[in-house]
Amino acid sequence: MVFILFTEHSFIKELSITGLLITFLMVVLAYLVGSISSAILLCKLLNLPDPRSAGSNNPGATNVLRISNKYVAASVLLFDVLKGTLPVWGGYFLGLEPVYLGIIAVAACLGHMYPVFFNFSGGKAVATAFGVLLPIGLDLGGLLIITWLLVAKVTRYSSLAAIVTVSMAPLYTWLLKPIYVYPVLMLSGLIIFRHKENIIRLLQGKEPKITFSKK
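Procedures and definitions
- In this convention, every chain numbers its residues from 1, walking through the sequence in written order.
- Only residues with pLDDT of at least 70 get local features here, since the model is predicted, and only at 80 or more are side-chain atom pairs given and counted; chain-wide, interface and lining totals rely on the full set of residues.
- No hydrogens and no water enter the side-chain calculation; it runs on all heavy atoms of the structure.
- Note on geometry: axes are lines fitted to C-alpha atoms, helical ones only across the stretch in contact, with angles between N-to-C directions running from 0 to 180 degrees.
- Comment: elements are numbered from the N terminus, with helices defined as DSSP H or I runs of at least four residues and strands as E runs of at least two.
- Here roughly perpendicular refers to angles of 65 to 115 degrees, roughly parallel to angles under 35, roughly antiparallel to angles over 145, and oblique to all remaining angles.
- Rotating anticlockwise by less than a right angle from the far helix to the near helix defines a left-handed crossing, while the corresponding clockwise rotation defines a right-handed one.
- Only heavy atoms enter the contact rule, under which two residues are in contact if any of them lie within 4.5 Å.
- Residues were grouped as follows: Ala, Val, Leu, Ile, Met, Phe, Trp, Tyr, Cys and Pro as nonpolar; Asp, Glu, Lys and Arg as charged; and all remaining residues, including Gly, as polar.
- Cavity means a closed set of points on a 1 Å grid over the protein atoms alone, one where a 1.4 Å probe fits but cannot get out, pocket means an open set with protein on both sides within 12 Å along at least 5 of 7 lines, and lining means a residue has an atom within 4 Å of a point.
- Grid points are joined across faces, edges and corners, and a volume is the space filled by probe spheres set on the points.
- Relative accessibility decides the category of a residue: with a 1.4 Å probe and only protein chains considered, values under 20% of the type maximum give buried, values over 50% give exposed, and everything between is partly exposed.

1. Some remarks on the packing of helix α8 (residues 158-176) against helix α10 (residues 196-204)
Next up, step 1: Between α8 and α10, whose axes approach to 10 Å, the crossing angle comes to 120 degrees. By the angle between their directions, the pair α8 and α10 is classed as oblique. Considering the relative orientation of α8 and α10, their crossing is left-handed. Within the contact between the two elements, α8 uses S159, L160 and I163 and α10 uses N198, I199 and L202.
Next up, step 2: Among the residues forming the contact of α8 with α10, the class breakdown is four nonpolar, two polar and no charged.

2. Examining the layout of surface pockets
Next up, step 1: In this structure, the largest pocket encloses a volume near 1000 Å³.
Next up, step 2: Taken together, 43 residues form the lining of the largest pocket, with A61, T62, L77, W148 and S158 sitting closest to its centre.
Next up, step 3: Taken together, the residues of the lining of the largest pocket sort by class into 22 nonpolar, 14 polar and seven charged.
Next up, step 4: Counted as a void, the second largest pocket has a volume near 190 Å³.
Next up, step 5: Lining the second largest pocket are 15 residues, and of these V88, L101, V132, I136 and Y180 lie nearest its centre.
Next up, step 6: If you list the elements that add at least two residues to the lining of the second largest pocket, you get α4 (70-93), α5 (98-113), α6 (126-133) and α9 (181-194).
Next up, step 7: With four residues, α5 is the largest single contributor of residues to the lining of the second largest pocket.

3. Some points on the environment of I192
Next up, step 1: Considering the arrangement of structural elements, one finds I192 in helix α9.
Next up, step 2: Among the residues examined, I192 registers a relative accessible area of 27% and is labelled partly exposed.
Next up, step 3: Here the alpha-carbon distance between I192 and G205, two residues 13 residues apart in the chain, equals 18 Å.
Next up, step 4: Beyond its immediate chain neighbours, meaning those up to four positions away, I192 contacts V166, S167 and I199.

The following block contains the structure:
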């Protein structure tokens, strides 16, 4: 009896250690993938201005739209979404718990914000955050897209649209899949914190607007 209990306990402990090891490896992978800045690489490849020193000085899809065109911006957007989605989906299929998936999601966004390959100078990780939330469900993804488009269309502020969208994300998640609320709260807090300078500019009326009539 004691031997059976000891064996079961050891097996559970072994599973826990294995899960932690897989989580650690996925976190490192997510950060490294997140550190690949498609905005910087594409702009360099196409002889465009460095998005870190042009427009809003942010290496993200919105700023690439300001300094180039919608096709380049769409390419950046797609890659930034995928580099958030793939690590989280990978962790999900490996059977990791929601809290571990949340840590992987944060790691991917931190990679975008502070990329090791680009002197830790990155973007706001809005598209990457959207990507890490997609595995929760397409219904959540649809709500996030609609929210961003509505706020952006009405206000013309990309940053405000992002802030409102990530603020609503925990509520949407609670309504659709409550088990993921805490990881989403963690992610939302990170994205809002990263927008602190945008919030100051919004309050001062100095935040640049976007246009939907770009060539």
